[in-house]
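# Analysis of the macromolecular model
Spelled out from the first residue to the last, the chains are:
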Amino acid sequence: MSTLKIYGTELNSRLLIGSALYPSPQVMNDAVKASGSEVITLSLRRQNPSEQSGKKIWQYIQQMGCHLLPNTAGCKTSDEAFTLAQMSREIFNTDWIKLEVIGDDYNLQPDPIELLKAADMLIKDGFKVLPYCTDDLVVCQRLYDLGCEVIMPWGSPIGTGLGLMNPYNLEAIRVRLPQATLIVDAGIGRPSDACQAMEMGYDGVLLNSAVALADNPVLMAGAFARSIEAGSQAYLAGVMPQRQTANPSTPTLGTPFWHQETNT
């Protein structure tokens, strides 16, 4: 499988994984290893190494050797997201930031206006921004125009496990932004959802709840790793076109394959 590039960094795995909601830090550690992911998301508000509650989780994360992707989870304004991003850069020593600016508490839908403002501010301050957004083509185009090389539209509202609710929207974003690195973020519930995203030509999948809340997070993490690889290979191989009518897959009765080939 080809590598995933995030702002010039090449990764062997196309799965990005979160560090929240696991039954224990040890289960989180084992699940991340089983996933093969090289990028782990974390929140300063939950995993601040300077606070006692976050020290144990932080110790496990450090031992994994993954690239850190701090997020601005819980922020509702561009100014709030900008401040939290600056703090995360100082504490976690990375200029990568998963930008989240939530506009509605009911479905945790990103606020497109504040999101664009925050992305502009962060890019000008030297951050490598990975914005979490809806499957709105125009918003994705605006983010790309601002300088976001990586864009992360949702499959469905975060934590719902509903999968890809609007495949047409996601496909349109892929077609219209061929040079962007596109990662489906949020709403993934099953490995088949991740496989579907990769078959569309997406570059990767970011998830958390689908693994952390599974009955067996470690086993589920491995299942997602394999489904993403399968979907990526299927996209590269070229999926056969769908037809409205049946077409026989066997040769004409009594005609050997080599006879068909010589007459074509």
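Reference entry: report on the structure contained in this document. (Residues numbered from 1 in each chain as written. Predicted model: local features only at pLDDT ≥ 70, side-chain atom pairs only at ≥ 80, totals over all residues. Heavy atoms only, no water.)

What follows is about the pattern of salt bridges. Counted under the stated rule, the structure contains 9 salt bridges. Between Asp-125 and Arg-89 there is a salt bridge, with its nearest N and O atoms 2.7 Å apart. One end of the pair, Asp-125, is in the loop between helix H5 (112-124) and strand E7 (128-133); the other, Arg-89, is in helix H4 (residues 78-92), and 36 residues separate them in sequence. In this structure Arg-89 comes out as partly exposed when scored by relative accessible area, which is 25%. Its salt-bridge partner being Lys-124, residue Asp-120 comes within 3.2 Å of it at the nearest N-O pair. One end of the pair is Asp-120 and the other is Lys-124, both in helix H5 and 4 residues apart, which spans about a single turn. Accessibility expressed as a relative area gives 67% for Lys-124, which makes it exposed. One salt-bridge network, in which partners are shared between bridges, spans Lys-98, Glu-100 and Asp-185. (Salt bridge = Lys/Arg side-chain N within 4 Å of Asp/Glu carboxyl O. Helix = DSSP H or I, 4+ residues; strand = E, 2+ residues; numbered from the N terminus. Buried < 20%, exposed > 50% of the residue type's maximum accessible area, 1.4 Å probe, protein only.)

What follows concerns the packing of aromatic side chains. Taken as a whole and assessed by the stated rule, the structure comprises 0 aromatic pairs. Its end group placed over the ring of Phe-127, Arg-89 keeps NZ or CZ at 3.9 Å from the ring centre. The ring of Tyr-132 has Lys-98 lying over it, and the distance from NZ or CZ to the ring centre is 5.7 Å. (Phe/Tyr/Trp six-rings, centres within 6.5 Å; stacked < 30°, edge-to-face > 60°. Lys NZ or Arg CZ within 6 Å of the ring centre and 35° of its normal.)

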